[in-house]
Amino acid sequence: MDLRIFTEPQQGADYETLLAVAKATEELGFDAFFRSDHYLAMGDTDGLPGPTDAWITLAGLARETSRIRLGTLMTAGTFRLPGVLAIQAAQVDAMSGGRVEFGLGTGWFEAEHTAYGIPFPKEKFSRLEEQLAIITGLWNTPVGETFSYAGRHYQLADSPALPKPAQPKVPVLIGGLGATRTPRLAARYADEFNIPFASVEDTARQFGRVRAAATEAGRDPDELVYSSALVACVGKDDAEVARRAAAIGREVDELKHNGLAGSPAEVVDKIGRYAETGTSRVYLQILDLSDLDHLELISSQVQSQLA
């Protein structure tokens, strides 16, 4: 079971804070550092000092870490043109020595688009399909050949399809709970399918849909990695769990129901239930980025048991 650290910097974190978390992620033996791709805080927080850009952040971390994988859950398809995004992600992959994993979603938070003047199209899923075709097509085009694409939303003509990522194949992550189109898209493009903040039962149901879609597409379902993203709130005793829950404005009972909360033993047991659904990787949503002791506890008393 791989454990990865997943951050939500739009809630309030500058680059130095993210760097400290990424370095702790690496030093404590976690597999990867991921972040959201948002420009506006959510809920009852001011988001100070303001948003950081996902790919600029990952570019910086690419040069300041050496082992951990780096990626997004998920890059918003509404924020960047696919050709530009293909260049950005390929460059960060090269800067990291081939450690990027590429998560792409439709983009959903309309208020942040309004706040920063970003168009929010109605037909987001069809755009996502074209974006995946373009980005993977650009990366897969042999050097010396060109790439063209004629879609409803995007058109490319005679692109040199450069630069190339450092990795021969950048892992592509697709996720969500859509019952039909999402599994079909994952079957075609994904190396990993991610379920965000879902129950054990819903996770099992969606993984089943993805596996069925892969089989229908003529692909071995076991080729995909199946992962879950869940909020983490772990404490060595009840008082510490309560303190960490209060720090992120959540209730302990709710966190235990909807995420990974409680003692290390409780969290290991809950992860085991997700493992039974086929989950082999968990993204731990860490909301208090100043609490590095939280990461140390998870590393020493949760990750060590799963290993």
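Everything below is about the structure shown above.
Attention in this report is confined to the structure presented alongside it. Quick caveat, the model's predicted, so the values are computed rather than measured.

Cut-offs applied
Residues numbered from 1 in each chain as written. Predicted model: local features only at pLDDT ≥ 70, side-chain atom pairs only at ≥ 80, totals over all residues. Heavy atoms only, no water. Helix = DSSP H or I, 4+ residues; strand = E, 2+ residues; numbered from the N terminus. Buried < 20%, exposed > 50% of the residue type's maximum accessible area, 1.4 Å probe, protein only. Polar contact = N/O pair within 3.5 Å; in protein donor to acceptor, adjacent residues only side chain to side chain. Contact = heavy atoms within 4.5 Å. 1 Å grid on protein atoms, 1.4 Å probe; cavity = no way out; pocket = protein on both sides within 12 Å on 5 of 7 lines; lining within 4 Å. Points joined across faces, edges and corners; volume = space filled by probe spheres on them. Nonpolar A, V, L, I, M, F, W, Y, C, P; charged D, E, K, R; others polar. Pairing = 2+ DSSP bridges. Right-handed = clockwise from strand over helix to strand, strands pointing away. Phe/Tyr/Trp six-rings, centres within 6.5 Å; stacked < 30°, edge-to-face > 60°. Axes fitted to C-alpha atoms, helices over the stretch in contact; angles between N-to-C directions. Parallel < 35°, antiparallel > 145°, perpendicular 65-115°, else oblique. Left-handed = near helix turned anticlockwise from the far one by under 90°.

## A short note on the side chain of Gln206
Okay, step 1: Locating Gln206 in the fold gives a position in helix α7 (residues 200–216).
Okay, step 2: Owing to a relative accessible area of 0%, Gln206 belongs among the buried residues under this scheme.
Okay, step 3: At a separation of 2.8 Å, a polar atom in the side chain of Gln206 contacts the side chain of Arg209.
Okay, step 4: Setting aside anything within four residues of it in sequence, one finds Gln206 in contact with Gly176, Leu177, Gly178, Ala179, Thr182, Pro183, Phe193 and Ile195.

## Some remarks on empty space enclosed by the protein
Okay, step 1: Counted by the stated rule, this structure contains 1 cavity of 30 Å³ or more.
Okay, step 2: There is about 70 Å³ of room inside the largest cavity.
Okay, step 3: Considering the residues around the largest cavity, the lining is formed by Ala232, Cys233, Arg244, Ile248, Ile286, Leu287, Asp288, Asp291 and His294.
Okay, step 4: Among the residues forming the lining of the largest cavity, the class breakdown is 5 nonpolar, 1 polar and 3 charged.

## Focus: the pairing of strand β10 (residues 225–234)
Okay, step 1: By the criterion of burial, β10 is predominantly enclosed, with 9 of the 10 residues buried.
Okay, step 2: Taken together, the 5 bridges between strand β9 (residues 192–196) and β10 define a ladder with parallel strand orientation. If you follow Glu192 over to β10, its bridge partner there is Val225.
Okay, step 3: At this point the chain moves from β9, through α7, to the parallel β10, and the crossover so formed is right-handed.
Okay, step 4: Direction of pairing for β10 relative to strand β12 (residues 281–286): parallel, over a ladder of 5 bridges. The residue bridging Ser227 from the neighbouring strand is Arg281, located in β12.
Okay, step 5: Where β10 lies against strand β11 (residues 260–262), 3 bridges are found, and the strand directions are parallel. From the neighbouring strand, Cys233 faces β11, where its bridge partner is Ala261.

## Describing the pairing of β12
Okay, step 1: When you tally the buried positions in β12, you get 6 out of 6 residues, the bulk of the element.
Okay, step 2: Of the two faces of β12, the one carrying Arg281, Tyr283 and Gln285 and the one carrying Val282, Leu284 and Ile286 are both buried.
Okay, step 3: The sheet contact formed by strand β1 (residues 2–7) and β12 spans 6 bridges and is parallel. Among the inter-strand pairings, Phe6 is bridged to a residue of β12, identified as Gln285.

## Details of the packing of aromatic side chains
Okay, step 1: The tally for this structure, following the rule as stated, stands at 7 aromatic pairs.
Okay, step 2: Plain terms: the ring middles of Phe34 and Tyr283 are 5.0 Å apart, the flat faces sit at 70° to each other, and that makes the pair edge-to-face. Taken together, the positions of Phe34 in strand β2 (residues 32–35) and Tyr283 in strand β12 put the pair 249 residues apart, joining distant regions of the chain. Here Phe34 and Tyr283 have matching classes, each one buried.

## Remarks on the packing of helix α3 (residues 82–96) against helix α5 (residues 124–140)
Okay, step 1: Closest axis-to-axis distance for the α3/α5 pair is 9 Å, and the angle between their directions is 45°. By the angle between their directions, the pair α3 and α5 is classed as oblique. Crossing angle aside, the handedness with which α3 passes α5 is right-handed. Along the contact surface, α3 presents Pro82, Gly83, Leu85, Ala86, Ala89 and Ala90, while α5 presents Gln131, Ile134, Ile135, Leu138 and Trp139.
Okay, step 2: By residue class, the composition of the contact of α3 with α5 is 9 nonpolar, 2 polar and no charged.

## Quick look at the layout of surface pockets
Okay, step 1: The calculated volume of the largest pocket comes to roughly 1200 Å³.
Okay, step 2: Among the elements of the structure, β4 (75–76), β5 (100–105), α5, β8 (172–175), α6 (181–189), β9, β10 and α9 (252–258) are those that each provide at least two residues to the lining of the largest pocket.
Okay, step 3: Counted by class, the lining of the largest pocket contains 21 nonpolar, 18 polar and 6 charged residues.

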